[in-house]
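Report on the structure
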Amino acid sequence: MTLKVYNTLTRKKEEFIPIEPGKVKMYVCGPTVYNYIHIGNGRPVIFFDVVRRYLESQQYEVNYITNFTDVDDKMIRKAEELAVTVPELAETFIHAFLEDIAAIGVHEASMNPRVTENIQEIVDFIAVLVEKDYAYEARGDVYYRTSKFADYGKLSNQNLDELQYGIRIEVDDRKESPQDFVLWKAAKPGEIYWDSPWGQGRPGWHIECSAMVRKYLGETIDIHGGGHDLTFPHHECEIAQTEAVTGQPMANYWMHNAFLNIDNEKMSKSLGNGILIRDLVKQIKPEVFRFFMLSAHYRNPLNFSDESLKQAANALERIQNAYDNLKHRLATASDSSEVDPQLTDRVAAIVAQFVDKMNDDFNTPDAITAVFELVAEANLYLQQERVHAAVLQLFINQLQAFDQTLGILSQLADELLDEEIEQLIIDRTEARKSKNWARADEIRDLLTEKGIYLEDTPQGIRWRRK
Ligand code: AMP
Ligand code: ZN
């Protein structure tokens, strides 16, 4: 089965046909960098990382771009509150964001462009909109004239009359029409600003993505993604801006993830129930968090609770144990290159099942079911007393291949096998007996670095993984 992607724009699953064969241009709206990210923000971050990894596993070359909004009203307010400059605030939280997403196993983006590095492109973009009459200046602000863009509302499936003016959109007397949105904001005294043909100011939020997508990826891209709350107004406005200028579709596939709730409630500042990713990963293994995120289809809401995390941890442990056992048995396996052809066929069928499910609009929960089928086959095989290296290796390679997409296996086990740890502990005891303290310390440091902790007990030294 070929890859099918649910497109928010057409409200249908469509066959994925990239603009250029073998290549994917993908843009995911990134964070406003004024605070630490919470577990809800982790959903698009992890899901689109998996989309990118899966496309790469299918031999696509993916250009994956995600931006930083490093200047806007929230940034200005927060910088004032903390008595720092806007660039200082941005630096702090860009650093924190990159640290947090690395901690949850997210691969680095091809590029992370920032608004403040693209002001000229943004100004140029707005200038074209003004020139084409899609935008107008009003007392130092510039607004988009939504009535001129006939397709406004096509992504969120609303027409202009249905939009609830003045509820989500502030009514402003500078606007010709309440649903018009700001492209350039005049600076208030003391605010950070850039020069422009309309005076000193800064870009509105939506325009940055239109300018950066065009600059870094081109007029039409393959996939544009984000959380479903971005559908309207953010992505609707991006479409209006870009398509007014280029006359081409901005993206061929619009993808949006559903929300993560906590204990069946919306995460919100007023409820105070947000959990930061950096706090969560101190308490649970990041792989468990990824597994939990992928245990639901991305277009379904997902509920975060102690119970659902516990279930995720237990399920993941079954996969991790099988993986560790396969590697453990490799040390004593007999050497043979033959693999029972029936087993090879069964493994191939499981791989096909995994690919089919991922091809069905990235159905990660069903793809994980295929991983469990492989684990069941592996566990069955491991019950035998005599095992063959080639068979073990087949299972190991396949689990690793699945994991290239999912990123749910602990890498610690990859680095040190149990018997290697035990050997190091024996070496350390010997070193201490012969008063070779340097060697003993070196071994302890190595083990600590790999997340292995030693404990002296009356029965001897015990070890455990972090
Ligand atoms: P924000 O910080 O609200 O601008 O959100 C940054 C990204 O995280 C956007 O793609 C949002 O759609 C997404 N997001 C925010 N909250 C949640 C949530 N509870 N569940 C899933 N995605 C979310
Ligand atoms: Zn955007």
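Sequence positions are assigned chain by chain, starting from 1 and proceeding in written order. Whichever chain is written first is A, and whichever ligand is written first is 1; the rest continue in order. Local features in a predicted model are, by the rule used here, given only for residues with pLDDT of at least 70; side-chain atom pairs are given and counted only at 80 or more, and totals for whole chains, interfaces and linings are based on all residues. Side-chain figures throughout are based on the complete set of non-hydrogen atoms in the structure, without hydrogens or water.

Moving on, we get to helix H15 (residues 437-449). Secondary structure counts use DSSP, requiring at least four H or I residues in a row for a helix and at least two E residues in a row for a strand, with both numbered from the N terminus. What a helix is expected to span follows from its residue count: subtract one and scale by 1.5 Å. Relative to the 18 Å expected for 13 residues at 1.5 Å per residue, H15 spans 18 Å between its end C-alpha atoms, a close match to the ideal helical length. Every buried residue of H15 is listed here: Ala440, Ile443 and Leu447. End-on view of H15: buried residues confined to an arc of 65°, all on one side of the axis. Set apart from the buried face of H15 by more than 90 degrees, the exposed residues are Ala438, Asp445 and Glu449. Contacts: residue pairs with any heavy atoms within 4.5 Å of one another. For H15, the secondary structure elements touched by its buried residues are helix H14 (418-433) and strand S13 (452-457). Positive backbone phi, at 80°, marks Gly451, one or two positions downstream of H15. Residue burial is assigned from relative accessible area. The probe radius is 1.4 Å, only protein chains are included, and a residue is buried under 20% of its type maximum, exposed over 50%, and partly exposed in between. By arc we mean the arc of the directions from the helix axis to the C-beta atoms, nothing more.

All right, on to the coordination of the zinc ion (ligand 2) then. All of the protein donors around the zinc ion (ligand 2) are Cys29 (SG), Cys209 (SG), His234 (NE2) and Glu238 (OE); their distances to the metal are 2.0 to 2.3 Å. One can describe the donor arrangement at the zinc ion (ligand 2) as irregular, given that its four donor atoms subtend angles of 78 to 128° at the metal. Donors, by definition, are the N, O and S atoms found within 2.8 Å of a metal, the threshold being 3.2 Å for Na, K and Ca, and water is not counted, so a site can look incomplete. Between the donor residues of the zinc ion (ligand 2), the gaps in sequence give the motif C-x179-C-x24-H-x3-E. Within this pair, whereas Cys29 is found in the loop between strand S3 (23-28) and helix H1 (42-57), its partner Glu238 is found in helix H6 (residues 231-246), the two being separated by 209 residues in sequence. The rule is simple: four donors are tetrahedral if all their angles sit between 85 and 135 degrees, four are square planar and six octahedral if opposite donors span more than 155 degrees and the others lie between 65 and 115, and anything that fits none of that is irregular.

A separate point is unusual backbone geometry. For the bond running from Phe232 to Pro233, omega is 0°, close enough to zero to count as cis. Tracing the sequence through the fold places Pro233 in helix H6. The phi angle at Asp263 is positive, at roughly 45°, despite the residue not being glycine. Turning to its location among the elements, Asp263 is positioned in the loop between strand S11 (260-262) and helix H7 (277-283). Although it is not a glycine, Phe362 sits at a positive phi angle of roughly 55°. Within the secondary structure, Phe362 is located in the loop between helix H10 (341-359) and helix H11 (364-382). According to the relative accessible area criterion, Phe362 is buried, its value standing at 1%.

In terms of strand pairing, S3 meets strand S4 (residues 61-66) through six bridges, oriented parallel. Following the sheet pairing, Val28 is matched in S4 by Thr66. Classification remark: right-handed applies to a crossover when, strands pointing away from the viewer, the course from the first strand over the helix to the second runs clockwise. Read as a crossover between parallel neighbours, the route from S3 over H1 to S4 is right-handed. Only strands that DSSP links by at least two bridges are regarded as paired with each other.

With that settled, consider the sheet that holds strand S10 (residues 251-257). Pairing is parallel across the open sheet formed by four strands, whose spatial order is S4-S3-S9-S10. Single-partner strands in this sheet number two, and they are S4 and S10. Neighbour-to-neighbour, the strand axes of this sheet turn through a mean angle of 20°, independent of strand direction. Pairing of S3 with strand S9 (residues 221-227), which is carried by three bridges, proceeds in the parallel orientation. Bridge pairing links Tyr27 to His224 in S9. All axes here are fitted lines through C-alpha atoms, helices being fitted over the stretch that makes contact, and every angle between N-to-C directions spans 0 to 180 degrees.

Let us now look at helix H3 (residues 86-103). Working note: α-helix, 3.6 residues per turn, so residues spaced by three or four point in the same direction. Look at H3: 26 Å from first C-alpha to last across 18 residues, which is about the 26 Å you get at 1.5 Å a residue. Where H3 is concerned, the buried positions are Val86, Leu89, Ala90, Phe93, Ile94, Ala96, Phe97, Asp100 and Ile101. Close packing links the buried residues of H3 with H1, helix H2 (73-82) and H7. Looking one or two places after H3, you find Gly105, whose phi comes out positive at around 75°.

Where H2 meets H3, the closest approach of the two axes is 9 Å, and the angle between their N-to-C directions is 95°. Relative to H3, the element H2 is oriented roughly perpendicular. Across the interface between the two elements, Met75, Ile76, Lys78, Ala79 and Leu82 of H2 pack against Val86, Leu89 and Ala90 of H3. Here the residues of the contact of H2 with H3 sort into seven nonpolar, no polar and one charged. Angle categories are assigned with fixed cut-offs, so that under 35 degrees is roughly parallel, over 145 is roughly antiparallel, 65 to 115 is roughly perpendicular, and the rest are oblique. Classes in brief: Ala, Val, Leu, Ile, Met, Phe, Trp, Tyr, Cys and Pro nonpolar; Asp, Glu, Lys and Arg charged; the others, Gly included, polar.

What follows covers the UniProt feature "binding site: Zn(2+)" (unreviewed entry) in the protein. UniProt positions are given in the numbering used here, feature names are shortened, and annotations may be inferred rather than shown by experiment. Taking the UniProt record as the reference, the feature "binding site: Zn(2+)" (unreviewed entry) is found at Cys29, Cys209, His234 and Glu238. With the annotated positions falling across 210 residues, the maximum pairwise C-alpha distance of 10.9 Å places them together in a single cluster. Mapped onto the elements of the fold, Cys209 is located in helix H5 (residues 205-216). When near neighbours in sequence (up to four residues on either side) are disregarded, Cys209 contacts Tyr27, Cys29, Asn67, His234, Glu238 and Met250. Within the fold, His234 resides in helix H6.

Here the focus is the nonpolar core. Note on soluble globular proteins: their nonpolar side chains tend to be buried together. Buried residues of nine kinds, namely Ala, Val, Leu, Ile, Met, Phe, Trp, Tyr and Cys, make up a nonpolar core once their side-chain atoms join them within 4.5 Å. Counting residues in hydrophobic clusters, the biggest one holds 128 residues, and the most contacted among them are Met26, Leu129, Phe289, Ile319 and Phe362. Looking at this core, the element that brings in the most residues is H11, giving 10 residues. Each domain span listed reflects an automatic or database assignment of domains. Split by domain, this core shows at least three residues from each of two domains, domain 1 (4-280) and domain 2 (315-409). Among all residues touching Met26, those that are not within four sequence positions of it are Phe48, Val51, Arg52, Leu55, Val62, Asn63, Tyr64, Ile65, Leu217 and Ile223. Judged by nonpolar contacts, the second largest core, of seven residues, contains Ile425, Leu447, Ile452 and Leu454.

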